[in-house]
Amino acid sequence: MLKKEFPQIVLLHILVIMFLGFLYVTKNQYMFLIVNVTLALIPFDISLAIKHTKSNIIAGILGLVWLAFYPNTMYMITDFIHLSSIGTNIVTAYQYAHYAILALGIFSGVLFGLGSATLVFERFVRDPDFSIQVLFYGVLSFMSAVGIYLGRYKRLNTTDLITNFHGTLMQIKHAFTPDMIAFVFCFVLVQLFLFAVFQIMKER
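Quick summary incoming for the structure in this document. (Residues numbered from 1 in each chain as written. Predicted model: local features only at pLDDT ≥ 70, side-chain atom pairs only at ≥ 80, totals over all residues. Heavy atoms only, no water.)

Following the sequence through the fold, Ser84 ends up in the loop between α4 (71-74) and α5 (93-124). Sequence separation between Ser84 and Thr53 is 31 residues, and the spatial gap between their C-alpha atoms is 43 Å. Here the side chain of Ser84 touches Ile81 through a polar contact of 3.1 Å, landing on its backbone oxygen. (Helix = DSSP H or I, 4+ residues; strand = E, 2+ residues; numbered from the N terminus. Polar contact = N/O pair within 3.5 Å; in protein donor to acceptor, adjacent residues only side chain to side chain.)

What follows is the structure, given as structure tokens:
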């Protein structure tokens, strides 16, 4: 199975490298996408390792690592906030180009997230029914929404759990506010909608 998928995996990474190289060479407004897209690709690569790992113990450990990185994929939805740097009235070639660059980065990150979540789910749940799917994607969407909020508004990322574990926990503890609850609710719905569409299209 891995041999069959290998050319597609290589092609995917070549496309990502080309995009990141373009960002680096052009020095455009959205250089931050180099980091964000890379962080979004990591959970996808981990999910591939999980899929092809025969040991359940190793797959479980990798699953926890994947879960820590997964919010970086859906976090990219919030990168549309950076449109303000080029103006929302998009009428020039400069704005067209930057809008395309931003959209490409964001959609890539989201697709990495949808794809990786599906691979992980299928690895651990052999005969899923609808209720199990709803539970898995519902819990995942909630945890991801919390992570997105912490990343966007508290400027926390996955590496903070390693470099400043106690401080990160304290920031998470004090982050629960009415604004956070509203944000999480909205982004859980967004993610569930995306998962539903992705799964329906995948079955066709």
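Together, Phe6, Val10, Leu11, Ile14, Leu15 and Met18 make up a nonpolar patch on the protein surface, roughly 570 Å² of accessible area in all. Tracing the sequence through the fold places Phe6 in helix α1 (residues 2-26). (Patch = residues over 30% accessible without salt bridge, like charges linked within 9 Å, V, L, I, M, F, W, Y side chains within 5 Å. Areas by Shrake-Rupley, 256 points an atom, 1.4 Å probe, with all protein chains shown as cover. Salt bridge = Lys/Arg side-chain N within 4 Å of Asp/Glu carboxyl O.)

Turning next to the pattern of salt bridges. Taken as a whole and assessed by the stated rule, the structure comprises three salt bridges. Taking the shortest distance from any N to any O, the salt bridge between Arg152 and Asp79 comes out at 2.8 Å. Of the two residues, Arg152 is situated in helix α6 (residues 130-153) and Asp79 in the loop between α4 and α5; the sequence distance between them amounts to 73 residues. Here Arg152 matches Asp79 in class, with each residue buried. (Buried < 20%, exposed > 50% of the residue type's maximum accessible area, 1.4 Å probe, protein only.)

This part takes up unusual backbone geometry. Positive phi is not limited to glycine here, since Lys27 has a value of about 50°. Assignment of secondary structure puts Lys27 in the loop between α1 and α2 (33-51).

α6 packs onto α5 with a crossing angle of 135° between their chain directions and a minimal axis gap of 12 Å. Looking at the two axes, α5 sits oblique to α6. As α5 runs across α6, the sense of the crossing is right-handed. Together, Ala117, Thr118, Val120 and Phe121 of α5 and Ile132, Gln133, Phe136, Tyr137 and Leu140 of α6 make up the contact between the two elements. (Axes fitted to C-alpha atoms, helices over the stretch in contact; angles between N-to-C directions. Parallel < 35°, antiparallel > 145°, perpendicular 65-115°, else oblique. Left-handed = near helix turned anticlockwise from the far one by under 90°. Contact = heavy atoms within 4.5 Å.)

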